[in-house]
Amino acid sequence: MAETTTFTNATQILEPFRGVKKVTIEEYFTSGHRTCQGCESALVMKLMVKAAGPRTIVLGSTGCMYVANTTYYTTPWVVPWMHTQLGSSGSAALGTAAGLKALMRKGKMKAEPINVIAFCGDGGGADMGIGAISATLTHKEYNSLILLYDNESYANTDIQISGMTPFGAHTTFSPPGRAKRIMHTRWKKNMAGMMAAGHPECRYVATVCASYAVEMMNRVRRALTIGGPTFIHSLDPCPKGWDYDPMLSHELGELAIETGLFPLYEVEDGQVRYYGKTKAIVEGRARKPVREYLLKQGRFAHFTEEDLAYFQRKVDAMWQTWEIPAVVPFKRLDATKSALGAT
Amino acid sequence: MATIVRADVTRELVAPWAEWERRYTQGRRLLEAGTYALTEGAIAAGCRVFAGYPITPATDIAEYMSKRLPEVGGYYMQCEDELAGMHACAGASLGGLKAMTATSGPGYTLMHDAYGWALTNEIPLVVVDAMRVGPISGITGAPGQGEFYVARYCTHGGNFETIVLSPSSVQEAFWLTIDAFNLSERFRTPVTILTDQVVSDMWEDLFIPDAYDALDFIVPRKHNLMMPFFPLGTADLDVPPNLVGQGTGVCVSAYTHTEEGYDIEEMEAQWAQTYRLVNKIRHHRAELARYETLGLEDAEVVAVAYGADARTVKTAVREARRRGLRAGFVRPITLWPFLDELFARDCHYVVCELNYDGQLVREVTRAAPDKGKVHFMGKSAELHTVAEVVAGLEGVARAGRIPELPYIWTEVR
């Protein structure tokens, strides 16, 4: 009976797009949504499903990309789409993939590779649903991609703190005031690093940013081609929550990467590979100062020089003291390493 | 022959704040939301910890709390989900501070595990459930009353009683929140405030007394530092809550426990624990009665409603009396333990509630002397209109049944 639980799950072979002109023209996330002007998360949805192609099922847990995309008799989804409860994107993806597999094995539906993508926001993914995602990433028999679209707040209920909100940001739960300037003192979770480090049988984890659209789509295609449970973390500038002019969405995405705050990398079978502007940083290009990124956003308008310096120090530490720069935050243990190498 | 119906009917409000309102008249008069009133009521009652998670229509409570608590030296905490929020509140209460959390139906179901834990360990805290229409996510911006039974059976396993209160105006939400904290301290149990989307989001006239310190009716937090930590087998009230971390030696366990809190697997211990959890509330039901009635002295048809829905139903009762109907009105404010005595009168009852399955009506049927005279008017996502309720009351008075009305269900199975 070994054939029912082997890792030889057929997947769609999705070759990477070689340049923007080679990207397919068909859209599977079209008109009919009511997201904000300048919404990067809507772009992520559009690019994600464009990369995945027509034979795809998309599941979405509660969040702004659920609520804004299904209200008042309209939906932009062309592919089958299902809402799951807030903390359950991982479990729902697993169940859907398992259901498809069982039906195909019993011959009740045509055996063909179907992409299962579950997206979740930072609240549904990094806060409430992290247990479900973690469990799904250990089930290697089922092909599913979990895409975390991270706009760094609970944007659905009007911008509250999530586990992914950066230090000091102004949200409706952390209003800065005269008596206390910084109301949110926790540092953002390192989701992609955590997922990659903690799930030995998850074969692909990547970070993406829709400012680099082709790169982003190719990461989605790679994840779906590799198969098994995979995880992608996308940083999505949010004009409403971050408080900036909607025309700057693209630029803020770029700045997050150029300042080194959000690294672009993929971990395939345990091998870390930086790409895009992050690769240039690793190869020696200077990082832009974090203040360029922070001061473009109203949510950091209350920052003083002291706060900016603190933020910069934390980002510097990501690159200078982490074992794998900007990916895995263990301090380097050179002495231990050389000792192990010597034995 | 025209019926003569008294217009100057008696209105009776049985609730501690009837007296509080008379005694405290110095303060601010505001136009504010129900969520604001719930927040200020909690602050006035001495709540110093709020741990929660955003959910419409209770998000505003958390937002107000995140602003207000730092001002009064309290702690606001955003949790990763509702389960964590309620556990954090229970922890804060065990640590010695009054705590509250607020949510809506979907979050309330997630809290049940923590609710049972707090209930068994007699941890005082307050939970606000701003009900919206369901099931599951339903409609976020529409009122529902689907958690009447969920609030009673808010955790698994049985062997417990709960205290559930429901306000119907912004002003009442303020006083009732203070009352909920008082009850939770006195009974050492979580208290649920079952409000709904209308009461939470509605902006209304609100009086807030000037100095919260001067309110003499607030039950202060006391600490139990001595055995027995769990007075099992008794129904005593006003046992101070336990405190951990101060060398008291109390154990806090989810299992059936001894007086020290140690786990025990004996039938006698289970009996003693159940006796305490059930009877500390059952034996003091008289102290928990909070309700409003109108014109019960001569009523032939009594409309029953709670929460926001009671507002239009009450107006409808007045309108029905103007039209010559002997109509009355009952609004239970304490939903659990259920006030059976309000339904002792042998007359027709028209139960209006915001769900189609019929929840409150089942309890009224159980309590009423003649079950055949209990009628149901279920509606959902919108309050009953005055015209609908008047039509219902007239139908029952004239023909003994509720006429067919659009969007109104009358069947209870």
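Residues numbered from 1 in each chain as written. Chains lettered and ligands numbered in written order. Predicted model: local features only at pLDDT ≥ 70, side-chain atom pairs only at ≥ 80, totals over all residues. Heavy atoms only, no water.

### Points about the packing of helix α1 (residues 16-23) of chain B against helix α8 (residues 170-187) of chain B
Residue and element names in this part refer to chain B. Following both chains from N to C, one finds α1 and α8 inclined at 115 degrees, their axes separated by 10 Å at the closest point. Handedness of the α1/α8 crossing: right-handed. Contact residues: Pro16, Trp17, Trp20 and Glu21 in α1; Gln171, Glu172, Trp175, Leu176, Ile178, Asp179 and Asn182 in α8. For the contact of α1 with α8, a count of residues per class yields six nonpolar, two polar and three charged. (Axes fitted to C-alpha atoms, helices over the stretch in contact; angles between N-to-C directions. Helix = DSSP H or I, 4+ residues; strand = E, 2+ residues; numbered from the N terminus. Left-handed = near helix turned anticlockwise from the far one by under 90°. Contact = heavy atoms within 4.5 Å. Nonpolar A, V, L, I, M, F, W, Y, C, P; charged D, E, K, R; others polar.)

### Notes on the interface of chain A and chain B
With 16 residues of chain A at the contact, the number on the chain B side is 18 residues. Carbon and sulfur atoms supply 60% of the area that chain A and chain B bury against each other, a total of about 1300 Å² over both sides. Top element by residues in the side of chain A that touches chain B is helix α4 (residues 122-128) of chain A. It accounts for three residues. Residue composition of the side of chain A that touches chain B, grouped by class: seven nonpolar, six polar and three charged. (Buried area = accessible area lost by both parts, 1.4 Å probe.)

### Overview of the confidence of the model for chain A
Low pLDDT means the predicted coordinates in that region are not meant to be read closely. For chain A, per-residue confidence averages 91 on the pLDDT scale, and residues scoring 70 or more make up 95% of the total. Low pLDDT, under 50, characterises residues 1-7 of chain A; the predicted model gives this stretch eight contacts beyond four residues in sequence or across chains. (pLDDT = per-residue confidence, 0-100.)

### A look at the domain arrangement of chain B
All names here are of chain B. Taken domain by domain, chain B consists of domain 1 (14-214) and domain 2 (289-399). When each unit is reduced to the centre of its C-alpha atoms, the spacing between domain 1 and domain 2 is 26 Å. Between domain 1 and domain 2, the residue contacts involve 35 residues of the former and 26 residues of the latter. Summed over both partners, the interface of domain 1 with domain 2 buries about 2400 Å², with 57% contributed by carbon and sulfur atoms. Here domain 1 is connected to domain 2 by 19 residue pairs in polar contact (both at pLDDT 80 or more). Mapped by element, the contributors of at least two residues to the side of domain 1 that touches domain 2 are α1, β6 (125-133), β7 (139-143), α7 (148-152), β8 (163-165), α8, β9 (190-196) and α9 (197-201). In terms of residue class, the side of domain 1 that touches domain 2 is made up of 21 nonpolar, seven polar and seven charged. (Domains from an automatic or database assignment. Polar contact = N/O pair within 3.5 Å; in protein donor to acceptor, adjacent residues only side chain to side chain.)

### Here's the deal with the environment of Gly99 of chain A
Residues and elements named next belong to chain A. Following the sequence through the fold, Gly99 ends up in helix α3 (residues 89-105). On the accessibility criterion, Gly99 (32% relative accessible area) is partly exposed. Here the alpha-carbon distance between Gly99 and Ser162, two residues 63 residues apart in the chain, equals 32 Å. (Buried < 20%, exposed > 50% of the residue type's maximum accessible area, 1.4 Å probe, protein only.)

### Regarding the packing of aromatic side chains
For the structure on display, the rule yields 36 aromatic pairs over all chains. Between Tyr154 of chain A and Tyr53 of chain B, the aromatic rings sit 5.1 Å apart at their centres with planes inclined by 80 degrees, giving edge-to-face as the arrangement. Of this pair, Tyr154 of chain A sits in the loop between β4 (144-150) and α6 (191-198) while Tyr53 of chain B sits in the loop between β3 (47-52) and α3 (59-71), placing the two residues on different chains. The exposure class of Tyr154 of chain A is buried, given its relative accessible area of 8%. Given the relative accessible area of 3%, Tyr53 of chain B is considered buried. Residues Phe148 of chain B and Trp336 of chain B carry aromatic rings whose centres are separated by 4.9 Å and whose planes lie at 40 degrees to one another, so their mutual orientation is tilted. Of this pair, Phe148 of chain B sits in helix α7 while Trp336 of chain B sits in strand β14 (residues 334-336), and the two are 188 residues apart along the sequence. Through pairs of rings, three or more aromatic residues link up here, namely Phe148, Tyr149, Tyr306, Trp336, Phe338, Phe343 and Tyr349 of chain B. Positioned above the aromatic ring of Trp242 of chain A, the side-chain terminus of Arg299 of chain A is 4.1 Å from the ring centre. The side chain of Arg152 of chain B reaches across the aromatic face of Trp336 of chain B, ending 5.9 Å from its centre. (Phe/Tyr/Trp six-rings, centres within 6.5 Å; stacked < 30°, edge-to-face > 60°. Lys NZ or Arg CZ within 6 Å of the ring centre and 35° of its normal.)

### Quick word on the pattern of salt bridges
Scanning all chains against the criterion turns up 54 salt bridges over all chains. Taking the shortest distance from any N to any O, the salt bridge between Glu341 of chain B and Arg285 of chain B comes out at 3.5 Å. With Glu341 of chain B in the loop between β14 and β15 (348-353) and Arg285 of chain B in the loop between α10 (267-282) and β11 (291-294), the pair connects residues that are 56 residues apart, well separated along the chain. The class of Glu341 of chain B is partly exposed, set by a relative accessible area of 42%. The salt bridge involving Glu363 of chain B is made with Arg366 of chain B; its shortest N-O contact spans 2.7 Å. Remark: Arg366 of chain B and Glu363 of chain B occur in helix α12 (residues 360-367); sequence separation between them is three residues, near one turn of the helix. Each member of the salt-bridge network shares a partner with another, and the members are Glu215, Arg219, Arg222, Glu266, Glu268 and Arg273 of chain A. (Salt bridge = Lys/Arg side-chain N within 4 Å of Asp/Glu carboxyl O.)

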